[in-house]
Amino acid sequence: MSTQLTPILTKFWDDPQSWTLETYERNEGYQALRTALTMDPADLVQMTKDSGLRGRGGAGFPTGMKWGFLPPPDGGPRYLVVNADESEPGTCKDIPLMMAAPQFLIEGVAITSFAIGCNHAFIYLRGEVVHVYRRLLRAVEEAYAAGYLGKDILGSGFDLDVTVHAGAGAYICGEETALLDSLEGRRGQPRLKPPFPAVAGLYARPTVVNNVESIASVPPILLHGAEWFSDMGTEKSQGFGIFSLSGHVKNPGQYEAPLGITLRELIDMAGGMRDPSKKLKFWTPGGSSTPIFTDEHLDVPLDFESVAAAGSMLGTRALQIFDETVSVVRAVSRWIDFYRHESCGKCTPCREGTWWLAQILERIEHGQGTPEDIDKLVDICDNILGRSFCALGDGATSPVTSAVQYFREEFEAGCHTPAAELFPPAASVLFSQNDTAKVTA
């Protein structure tokens, strides 16, 4: 497997006006759509399955298989919804892609919509990124003007409208069913499944929900062939992906490479650690909702199976790099503050559990923890994991349990306050026996 960078979606990001339709057309833009419109939609779905493309939003579910879950056409509408609600701490790949080369996404939307029989697609974008929202709106406008969207696209008889929708900035709306509720104008909260979106999604109609990078990868696959894509990466994690390096490296940024590359290779490409005298201490392989790794895991291939076998998740390939100057307890405490704030409150384990995790971590961070606090953290995580309504609760437990596993001594250093000092006996807090007698009298 090649460990070189594979600039495909990032190929012309350094062009002075990379975001324009003109630049995109100069780089094979919309050639794939012309080909797709001459094909049988079922063949497009099969091609996506054959390529081995797996969802780039974190879960890694096979994209073509997801399309294939849609029931047979019944004469009613079906929808494509692009999840562009990139909100997790450390994750930064979809927003740069939409900013630098939005037409990749729009062409992918057109091809995918044709493949699944959709005539109205939606791109759900995080509301705070107003600059990206404006850029996407302009890109959609250009695509309409050129005849790549709208009525009778390129004379094929296929109609497609695309709506760019800005959310209100809730991390929970990255969960696909919460996103659909938000898109319908309701409060963003996850739905009970089944029914799954493929059967009853947006407006209770069959819906495909895919990540930005997943959909943007479709035009190159169609243009160069499923085999071209599947030859990159590993046997079960095929293709390329955008790896986001942030933190203590010399050149943080987006590195597009085949799945299976290692962090050691990526750090070398990024010019090494920011301060060469400081060693790598811990890092996240897939954003803050994945179990952390240490310097022992530098050579773990970054593909879905290898990362899972090593005890974490590839997730969104958000590689946050921390050197030995960083307190693990402090970093995890900041992440849990985020998850507590972003919990929608629909289920008790997540709503209450993240609140308690935040309280205990803050105590330990300030050296006021009790010896029982570390086991209590793990116990709370055990009561959230697998019991929350959606993956937000599960994700919130990952950095805590893995940090305790690898850096327990740092947690112990903040736990030297006797429990009695934090939680005095009730009698001493309220009244003495004589005072109580006076009150009741």
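Owing to the predicted nature of the structure, the values given are computational and were not obtained by experimental measurement.

Asks: Would you mind showing me how to read the nonpolar core here?
Replies: Across soluble globular proteins, you tend to see nonpolar side chains buried next to one another. In this structure, Met98, Leu105, Val109 and Leu160 are the most contacted members of the largest nonpolar core, which totals 62 residues. It is helix α6 (residues 102-116) that contributes the most residues to this core, nine residues altogether. In contact with leucine 105, other than residues within four places in its own chain, are Val82, Met98, Ile123, Leu136, Val212, Ile215 and Ala216.

Asks: Is there a simple way to think about the sheet that holds strand β7 (residues 280-284) in this case?
Replies: Whenever strands of a sheet pair, they do so through backbone hydrogen bonds, lying parallel or antiparallel. Read across the open sheet, the five strands follow the order β6-β5-β9-β7-β8; overall the sheet is mixed. Looking at the sheet topology across the chains shown, the edges are occupied by β6 (253-258) and β8 (293-294). On the sheet, helix α14 (residues 328-342) packs against β7 and β9 (318-323) and is oriented at approximately 15 degrees with respect to β7.

Asks: I keep staring at the layout of surface pockets and nothing clicks. Help me out?
Replies: The gaps of empty space that remain are located by a probe, the size of a water molecule, rolled over the atoms. Of the pockets and cavities examined, the largest pocket occupies roughly 1300 Å³. At the level of elements, β4 (207-211) and α17 (391-413) are the ones that each hand at least two residues to the lining of the largest pocket. In terms of residue class, the lining of the largest pocket is built from 16 nonpolar, 19 polar and eleven charged. Each pocket or cavity is described by its volume, and for the second largest pocket that value is around 190 Å³.

Asks: Sorry if this is basic, but what is going on with empty space enclosed by the protein here?
Replies: On inspection of all chains with the given rule, the structure shows one cavity of 30 Å³ or more. In this model, the largest cavity occupies a volume close to 70 Å³. Taken together, 13 residues form the lining of the largest cavity, with Cys344, Cys347, Cys350, Phe389 and Cys390 sitting closest to its centre.

Asks: Is there a simple way to explain the packing of helix α3 (residues 41-51) against α6 in this structure?
Replies: Geometrically, a packed helix pair is captured by the angle between its two axes and the distance between the axes. Where α3 contacts α6, the two axes come as close as 7 Å, and the packing angle between them is 115 degrees. Considering the relative orientation of α3 and α6, their crossing is left-handed. The segment α3 lies against α6, with Pro41, Leu44 and Val45 engaging Ile111, Phe114 and Ala115. Here the residues of the contact of α3 with α6 are counted per class, giving six nonpolar, no polar and no charged.

Asks: Would you mind showing me how to read the domain arrangement of the protein here?
Replies: A common way to report how large an interface is uses the accessible area buried once the components associate. What the domain assignment reports for the protein is domain 1 (21-231), domain 2 (237-323) and domain 3 (328-426). Centre-to-centre, using C-alpha coordinates, domain 1 lies 27 Å away from domain 2. On the side of domain 2, 21 residues touch domain 1, which itself brings 21 residues to the contact. Surface buried jointly by domain 1 and domain 2 totals about 1700 Å² across both partners, of which 51% is contributed by carbon and sulfur atoms. Of all residues in domain 1, Arg54, Arg56 and Lys93 give up the largest surface area on contact with domain 2, accounting jointly for 28% of the area buried on that side. Counting every contact that joins domain 1 to domain 2 gives two salt bridges. Salt-bridge contacts for arginine 54 lead to glutamate 305; the nearest nitrogen and oxygen are separated by 2.8 Å. For the interface between domain 1 and domain 2, the tally reads 13 residue pairs in polar contact (both at pLDDT 80 or more). The biggest single contributor to the side of domain 1 that touches domain 2 is helix α11 (residues 226-230), with three residues. Residues belonging to the side of domain 1 that touches domain 2 are distributed by class as follows: six nonpolar, ten polar and five charged.

Asks: Explanation requested: the packing of α6 against helix α7 (residues 130-145) in the structure shown.
Replies: Put simply, α6 and α7 touch, their axes get as near as 10 Å, and they point 55 degrees apart. The orientation of α6 with respect to α7, classified from their angle, is oblique. Read as a crossing pair, α6 and α7 show a hand that is right-handed. Residues Pro102, Gln103, Leu105 and Ile106 of α6 lie in contact with α7, whose contacting residues are Arg135, Leu136, Ala139, Val140, Glu142 and Ala143. Taken together, the residues that form the contact of α6 with α7 break down as seven nonpolar, one polar and two charged.

Asks: Could you clarify how one ought to interpret the sheet that holds strand β3 (residues 161-166) in this entry?
Replies: Within the open sheet, the four strands sit side by side as β3-β2-β1-β4. Their pairing is parallel. If you trace the sheet from one side to the other, it starts and ends with β3 and β4, each paired once. Each neighbouring strand pair of the sheet contributes to a mean axis angle of 20 degrees, computed without reference to strand direction.

Asks: How should I be thinking about the environment of phenylalanine 322 in this particular structure?
Replies: Looking at where phenylalanine 322 falls in the secondary structure, it is placed in strand β9. Residues phenylalanine 322 and glycine 247, spaced 75 residues apart in sequence, show a C-alpha to C-alpha distance of 6.1 Å. For phenylalanine 322, the residues in contact, after removing those within four places along its chain, are His248, Leu280, Lys281, Phe282 and Trp335.

Asks: Help me out: how do you make sense of the packing of aromatic side chains in this one?
Replies: Aromatic ring pairs are reported here in terms of the distance separating the ring centres and the angle at which the planes meet. Under the definition given, this model contains 19 aromatic pairs. Relative to tyrosine 203, the ring of tyrosine 79 lies with its centre 5.7 Å away and its plane at 75 degrees, an arrangement referred to as edge-to-face. Placement of tyrosine 79 in strand β1 (residues 79-84) and of tyrosine 203 in the loop between α8 (176-183) and β4 is noted, with a sequence separation of 124 residues between them. Residue class for tyrosine 203 comes out partly exposed when judged on its relative accessible area of 42%.

Asks: How do you make sense of the pairing of strand β5 (residues 240-247) when you look at a structure like this?
Replies: Where a strand is regular, its side chains alternate between the two sheet faces. For β5, a buried count of six out of eight residues is recorded, marking the element as mostly surrounded by other parts of the structure. Where β5 lies against β6, six bridges are found, and the strand directions are antiparallel. Bridge assignment links phenylalanine 243 to a residue of β6, and that residue is tyrosine 255. The hairpin turn running from β5 into β6, its antiparallel successor, is five residues long.

Asks: How do you make sense of a nonpolar patch on the surface when you look at a structure like this?
Replies: Taken together, Phe61, Met65 and Phe69 make up a surface patch of nonpolar side chains, about 280 Å² in accessible area. Locating phenylalanine 69 in the fold gives a position in the loop between α4 (63-68) and β1. With relative accessibility at 45%, the residue phenylalanine 69 sits in the partly exposed group.

Rules used in this analysis
- Residues numbered from 1 in each chain as written.
- Predicted model: local features only at pLDDT ≥ 70, side-chain atom pairs only at ≥ 80, totals over all residues.
- Heavy atoms only, no water.
- Core = buried A, V, L, I, M, F, W, Y, C linked by side-chain atoms within 4.5 Å.
- Buried < 20%, exposed > 50% of the residue type's maximum accessible area, 1.4 Å probe, protein only.
- Helix = DSSP H or I, 4+ residues; strand = E, 2+ residues; numbered from the N terminus.
- Contact = heavy atoms within 4.5 Å.
- Pairing = 2+ DSSP bridges.
- Axes fitted to C-alpha atoms, helices over the stretch in contact; angles between N-to-C directions.
- 1 Å grid on protein atoms, 1.4 Å probe; cavity = no way out; pocket = protein on both sides within 12 Å on 5 of 7 lines; lining within 4 Å.
- Points joined across faces, edges and corners; volume = space filled by probe spheres on them.
- Nonpolar A, V, L, I, M, F, W, Y, C, P; charged D, E, K, R; others polar.
- Left-handed = near helix turned anticlockwise from the far one by under 90°.
- Domains from an automatic or database assignment.
- Buried area = accessible area lost by both parts, 1.4 Å probe.
- Salt bridge = Lys/Arg side-chain N within 4 Å of Asp/Glu carboxyl O.
- Polar contact = N/O pair within 3.5 Å; in protein donor to acceptor, adjacent residues only side chain to side chain.
- Parallel < 35°, antiparallel > 145°, perpendicular 65-115°, else oblique.
- Phe/Tyr/Trp six-rings, centres within 6.5 Å; stacked < 30°, edge-to-face > 60°.
- Patch = residues over 30% accessible without salt bridge, like charges linked within 9 Å, V, L, I, M, F, W, Y side chains within 5 Å.
- Areas by Shrake-Rupley, 256 points an atom, 1.4 Å probe, with all protein chains shown as cover.

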